[in-house]
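Working through the structure, step by step
What follows is the residue order along each chain.
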Amino acid sequence: FCSILPKLQSWLKNKWCHIYDQKFVEDSVLPNLLDNMGDSLKLVSNLNDKLQNKPSAKKPSTVTAPQPFNLTKVKPRAVPMPEPVPKLKTTNHVPISTYKSPREEIELLKKKEQHRKQSEMLLENVRGMSANHVKTAKSVKTQERLNTIVKQSDEQLKFDSHKARPIPKQVLENTTPIKLNAAAILREDALYAKREEEELKKIVGVLSGEGTDDNFQVWKKQRDEELRKEEAEHQARKKMIGLISYEEAMLAKQKLTESNKNKVHKMRIEADKMLKEYLISQLQQEEETREKVLSIQESHQQAKVPKSTSRISSGRWSRMSTRRARHSCRSPLKRPPRRWSAR
């Protein structure tokens, strides 16, 4: 049972814990058994083999291991000494002024900060000022009219009153019968009320010194016309600049073509001159070679003439010697008189 691991960790452990202390079982008994589990299994298998009369496994025969010869070891080569590393020259330290911004730039930044603070202070003062400077002094009549307008608007805002609203004058003047339901009447009243409010706002604005919508429209038209004129002038200026640049480019192109033509003409003239000089030098060389050839031919002809005369004279002398030999053989005592051939 000790060789079977699940049984060892389950019911055997519980049984041992009944007999021994649990800590002793976990610290000393179980670890030793687990460590020697392989040896115990081998032992059990060997005992089973002996009981069953099985042949035991033969031990592997030891083979003689070759040993190396005790030869003298070669001395290692001496490591060459390394070349001395050249020392670099010590450089000067970078001055601190390189990492600092110039004095003029610092002063400009300070002035910029001062101007910004001043502008912020002025803006705060302007915002804190009241808008009374916009208001103008009003006359008595305008004040009375404003009061009446305000009273009428307040009367219109009395929704809790039990009295019905009067019918508008336009409806009374219009004699044509119109059948309207309650929704149409309310819609028409709301439209008239809205128009009246707009008119009141316009009157209040005019009395308080504000400009009317007509003035704004006139100013807007003038401003649009000015912008159109400026844009047209800008477009015309751009067009003129484009034409001028095009003409300048054309002139530059013409100048370049003329300069290229002049260069080509000069090169042609130089090429013609060089060709003429080359032809003249070739003609001179041909004449010199021709003279040399003629002189060599004349010298060869002069050398041939003495060779022919020497040949003639040698032929005569050979003939004369043969004749003399013949005469000497015929009559050695009497020699005939010499007779020269008249040739």
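Please read these numbers as outputs of a predicted model, since none were measured by experiment.

Helix and strand content of the protein: eight helices and zero strands. When the elements of the protein are put in sequence order from the N terminus, they spell out α-α-α-α-α-α-α-α. For the protein, buried positions account for 3% of its 343 residues. Here the analysis covers contacts within the protein between residues at least 6 apart in sequence; of these, 39% occur between residues at least 24 apart. In the structure as shown, the protein presents an accessible area of about 35,000 Å², 58% of it carried by carbon and sulfur atoms.

Take the pattern of salt bridges next. Scanning the model with the defined rule gives two salt bridges in all. When the shortest N-O distance is used, the salt bridge between Glu113 and Arg116 registers 2.4 Å. Of this pair, Glu113 and Arg116 are both found in helix H4 (residues 103-128), three residues apart, which corresponds to roughly one turn of the helix. The exposure class assigned to Arg116 is partly exposed, which follows from its relative accessible area of 39%.

A grouping of Glu196, Glu197, Glu198 and Glu199 is seen on the molecular surface, where their side chains present a negatively charged patch. Structurally, the position occupied by Glu199 is in helix H7 (residues 182-207).

What follows concerns the confidence of the model for the protein. Mean pLDDT over the protein works out to 77, with 73% of the residues at or above the 70 mark. Counting contacts from residues 331-343, a segment whose pLDDT is below 50, to residues more than four positions away or on other chains yields five contacts.

Attention now moves to the nonpolar core. Of all hydrophobic cores here, the largest spans six residues; its members are Leu8, Leu12, Trp16, Val25, Leu30 and Met37. Elements with a contribution of two residues or more to this core: helix H1 (5-19) and helix H2 (22-35). A total of three residues in this core trace back to one element, the largest contributor, which is H1.

On to a nonpolar patch on the surface, then. A cluster of nonpolar side chains, namely Ile19, Tyr20 and Phe24, defines an oily patch on the protein surface of about 350 Å² accessible area. Along the chain, Tyr20 turns up in the loop between H1 and H2. Residue classification places Tyr20 among the partly exposed positions, given a relative accessible area of 46%.

This next bit is on H2. Residue pairs three or four apart in sequence face the same way in an α-helix, which turns once every 3.6 residues. Here H2 spans 19 Å end to end across 14 residues, near enough to the 20 Å set by a 1.5 Å rise per residue. The largest bend in H2 comes to about 30°, at Val29, with the proline Pro31 one to four residues further on.

Moving on, we get to the environment of Trp16. Mapped onto the elements of the fold, Trp16 is located in helix H1. Under the relative-accessibility criterion, Trp16 is labelled buried at 17%. Sequence-wise, Trp16 and Val29 are 13 residues apart; in three dimensions their C-alpha atoms are separated by 9.4 Å. If we skip the residues at most four places from it in the chain, Trp16 touches Leu8, Val25, Val29, Leu30 and Leu33.

About the thresholds
- Per chain, residues are indexed from 1 in the order of the written sequence.
- Totals for whole chains, interfaces and linings use every residue, but because this is a predicted model, local features are given only for residues with pLDDT of at least 70 and side-chain atom pairs only at 80 or more, for both listing and counting.
- Here the side-chain values reflect all heavy atoms present in the structure, with hydrogen atoms and water set aside.
- Secondary structure is summarised from DSSP: a helix means a run of H or I of at least four residues, a strand means a run of E of at least two, and numbering begins at the N terminus for each.
- Relative accessibility decides the category of a residue: with a 1.4 Å probe and only protein chains considered, values under 20% of the type maximum give buried, values over 50% give exposed, and everything between is partly exposed.
- The contact rule is simple, with two residues in contact once any of their heavy atoms fall within 4.5 Å.
- Accessibility throughout is a Shrake-Rupley quantity obtained with a 1.4 Å probe, and a residue counts as covered only by protein chains that appear here.
- Salt bridges, as used here, are contacts in which a Lys or Arg side-chain nitrogen is within 4 Å of a carboxyl oxygen on Asp or Glu.
- Patch criteria: residues need more than 30% relative accessible area and no salt bridge. Like-charged residues are merged within 9 Å; nonpolar side chains of Val, Leu, Ile, Met, Phe, Trp and Tyr are merged within 5 Å.
- Counting rule applied: Lys, Arg positive; Asp, Glu negative; His and chain ends not counted.
- Here the site of a charge means atom NZ of a Lys, CZ of an Arg, CG of an Asp or CD of a Glu.
- What pLDDT reports is the predictor's confidence in each residue, on a scale of 0 through 100.
- By nonpolar core is meant a set of buried Ala, Val, Leu, Ile, Met, Phe, Trp, Tyr and Cys residues that side-chain atoms within 4.5 Å join together.
- Expected span of a helix, by definition, is 1.5 Å for each gap between consecutive residues, and there is one gap fewer than residues.
- Take the seven residues that end at a residue and the seven that start at it, fit an axis to each, and the angle between those axes is the bend at that residue.

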